[in-house]
Amino acid sequence: MPSPLFADRPAQPPESGAVDALISQTRRLRGEVDAVRRDSAVDEDDPQQRWQRALCDLAVHQLDDLGAHLGQLKAGLPGSAAPSDAAAAYAGPVLDGVPGQRQTGSLLSRVGSAEWDLLTDDVHWSDELFQIFGRPRESGPMSLDELPSMVFAEDQPVLQAMVTDCLIDGKPIDGEFRIVRTDGRVRTVHMTGEPVLDADGCTASMWAVLRDVSELRRSERAVRETRDNLRRHQHIEHTERRVAVELQEAVLPPWRGSLRFAHDGPAPLDVAGHYLPAAAPGLIGGDWYDALALPDGDALLTVGDLTGHGVAATSSMAMVLGALRGMAVAGIRPGALLGHLNQLLETSVQPALGSAMCCRYDPATQLLTWSQAGHPAPLLFRDGTGRALGRPEGVLLGATTHAAYEEAATRLLPGDLLLLHTDGLTRTVGRPDDPAGTERLLGLGGRLAAARDAQECVRAVLEEFAEGPREDDACVMVVRVGH
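A short tour of the structure in this document, coming up. Quantities reported herein were computed from a predicted structural model and do not represent experimental measurements. In this numbering scheme, every chain counts its residues from 1 along its sequence in written order. For a predicted model such as this one, the threshold for reporting local features is a pLDDT of at least 70, and the threshold for listing and counting side-chain atom pairs is 80 or more; totals across whole chains, interfaces and linings nevertheless cover every residue. As a rule here, side-chain values cover all heavy atoms of the structure and leave hydrogens and water aside.

## Regarding the sheet that holds strand S10 (residues 354-362)
Test applied: Strand pairing requires that DSSP identify at least two bridges connecting the strands. In this text, helices come from DSSP runs of H or I with a minimum length of four residues, and strands from runs of E with a minimum of two, each type numbered from the N-terminal end. Where helices are involved, their axes are fitted lines through C-alpha atoms of the stretch in contact, as for all axes, and angles between N-to-C directions lie from 0 to 180°. Note on definitions: a residue-residue contact is assigned when non-hydrogen atoms from the two residues lie within 4.5 Å.
In spatial order, the strands read S8-S9-S10-S11-S14; together these five strands make up an open sheet with antiparallel pairing. Looking at the sheet topology across the chains shown, the edges are occupied by strand S8 (285-293) and strand S14 (408-411). Here the strands of the sheet are splayed against their neighbours by 15° on average, with no regard to which way each runs. One ladder, built from nine bridges, connects S8 with strand S9 (residues 299-309); its direction is antiparallel. Looking at the pairing, Gly286 lines up with Leu306 of S9. Lying on the sheet, helix H8 (residues 334-347) is in contact with S9, S10 and strand S11 (367-373); it crosses S11 at an angle near 25°.

Listed below in structure tokens is the structure:
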């Protein structure tokens, strides 16, 4: 097979107009990809952003190579003429002002050619190949026996096998190896070639095209590494989310729908609650709601929210809710109970801030005693009209040492409805602090009064606040006093 680089009859170049169009398209696409790469803000702690940036870098390198190849295609065979404008546009900066000498790694210097004549021992290297190897032209080209001296020791068998298969068996060459240039720099070279046979079918010479693919392989390696990191990160996130969800489901009340208790008094309670996840699938937070019948006949009603998301937040929530239930069963009043929770968060291994509402209802006297720690006040609906109860003093849990929490008391009447919620209920994407959230809840008075039970009231609240993506998770609990 005649060498395409040194054949007696030169190959016919493609039409100039077609190549020019391809060069223009490549330039335009390269510019658009580069603009995306420049405009992308990369957070080094975000594996997905690092992977996206690596893909952009790889695409730029590949488009650079494509542009260089098209430029060479337009320019013609090596040595036939000066590079065309299109080729020069991809050629890179001139070395120290010396015409024809360009920096190693510039695009036209990434591809060189060689031919080894086995009959005359003549060796021909293109100027670009000297640049790839960092070898001065006056030192002359290297023979096939000398070439392995610049190749990594572990890559030498690869090169020797390719050359042997080509010269003896007539097989094409296609493989990569690493070289150590004369200046000590390591480059990765991709070599393709074929034997040239004489009239008797014997190998007379071997030609090859050698391409410096160091930057391309580096970009591909970066893509692989960032992709692997992203997959590991996603696996960890998935595992943590599953653990957080399972922990949350184990801790939050097992009942679904309405819960009826405190039947011994004149005003039993109908209770329903619901947890609303955030729009982002990974934001499993520390929100809770709970209703618990206490040994003395009272009822514990509580909602709260700890800062953070994931396993840390749900594990802290499990600790706080467990302590809250235990102290309530022991008869500790709401104000003192929140004081103990505050101290617990201060001394925990995973410090956190939290808001909480703790209510104790006595069905015999119909008295609701409650305290709050930086939490939205309960909303009381009576005869279809709602209002927010006046909040007693109380700072966020974990915010300060030896905090004191005041108590307030309100007598409930048969038919009254109490709505407790965390602040995430009225917080949507784009409206982190919705001032109208409480007014919207109070505006549901008519629908809540017409509802058949507490569960239907919860559904009405969910319908009202389900119009947009939720910025944070939330809990809502409705308590209706029976007749």
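## Regarding the sheet that holds strand S2 (residues 123-125)
Strands sit in the order S2-S1-S5-S4-S3 across an open sheet of five strands; the sheet is antiparallel. The outermost strands of the open sheet, each flanked by one partner alone, are S2 and strand S3 (173-180). The average undirected angle you get between the axes of adjacent strands in this sheet is 20°. Both strand S1 (residues 111-117) and S2 contribute to a ladder of three bridges, which runs antiparallel. Looking across to S2, one finds that Trp116 is bridged to Val123. The sheet strands contacting helix H6 (residues 214-251) are S3, strand S4 (186-197) and strand S5 (203-212), and the helix crosses S4 at an angle near 120°.

## Re the packing of helix H7 (residues 311-329) against H8
Heads up, the rule is: In this scheme the crossing of two helices becomes right-handed for a clockwise turn of the near helix relative to the far one and left-handed for an anticlockwise turn of less than a right angle. Gly is put with the polar residues, along with every residue not named as nonpolar or charged; the nonpolar set is Ala, Val, Leu, Ile, Met, Phe, Trp, Tyr, Cys and Pro, and the charged set is Asp, Glu, Lys and Arg.
Running from amino to carboxyl end, H7 crosses H8 at an angle of 145°, the nearest separation of the two axes being 10 Å. Between H7 and H8 the crossing geometry is right-handed. Facing H7, whose interface residues are Met319, Val320, Ala323, Leu324, Met327 and Ala328, H8 presents Leu337, His340, Leu341, Leu344 and Leu345. Looking at the contact of H7 with H8 residue by residue, the classes come out as 10 nonpolar, one polar and no charged.

## What to know about the nonpolar core
Stated formally: Only buried residues count toward a nonpolar core. Its members are Ala, Val, Leu, Ile, Met, Phe, Trp, Tyr and Cys residues joined through side-chain atoms within 4.5 Å. Exposure classes here rest on a 1.4 Å probe applied to the protein chains alone. A residue is buried below 20% of its type maximum, exposed above 50%, and partly exposed in between.
By size, the foremost hydrophobic cluster in this structure holds 47 residues, and its most contacted members are Trp288, Leu301, Leu341, Leu368, Leu420 and Met477. Among all residues touching Met477, those that are not within four sequence positions of it are Val271, Ala272, Gly273, Tyr289, Asp290, Ala291, Leu301, Thr302, Val303, Leu418, Leu419 and Leu420. If you look at the next biggest cluster of nonpolar residues, it comprises 24 residues, including Phe130, Val151, Met162 and Val163.

## Things to note about the packing of H6 against H7
To be explicit about the condition: The cut-offs work like this: below 35 degrees is roughly parallel, past 145 is roughly antiparallel, 65 to 115 is roughly perpendicular, and the gaps in between are oblique.
For the pair H6 and H7, interaxial distance at closest approach is 9 Å and the crossing angle is 15°. By the criterion of interaxial angle, the relationship of H6 to H7 is roughly parallel. The hand of the H6/H7 crossing is left-handed. Every residue of H7 that contacts H6 at Glu240, Val243, Ala244, Leu247, Gln248 and Val251 is listed here: Val311, Thr314, Ser315, Met317, Ala318, Leu321 and Arg325. In the contact of H6 with H7, the residues fall into eight nonpolar, three polar and two charged.

## Regarding the pairing of S14
Two faces make up the sheet, and in a regular strand the side chains alternate between them. Side chains Ala408 and Thr410 project from S14 onto a buried face, and the interleaved Ala409 and Arg411 project onto a face without burial. Of the strand pairs in this sheet, S11 and S14 are connected by four bridges, and their pairing is antiparallel. Looking across to S14, one finds that Thr369 is bridged to Ala409.

## Brief notes about the pattern of salt bridges
Cut-off, in case you're wondering: Here, a salt bridge means any Lys or Arg side-chain nitrogen found within 4 Å of an Asp or Glu carboxyl oxygen.
This structure, assessed with the given rule, holds 18 salt bridges. Among the ionic pairs, Arg30 bridges to Asp64, the shortest N-O distance being 2.8 Å. Taken as a pair, Arg30 in helix H1 (residues 16-39) and Asp64 in helix H2 (residues 47-75) lie far apart in primary sequence, 34 residues in all. With relative accessibility at 10%, the residue Asp64 sits in the buried group.

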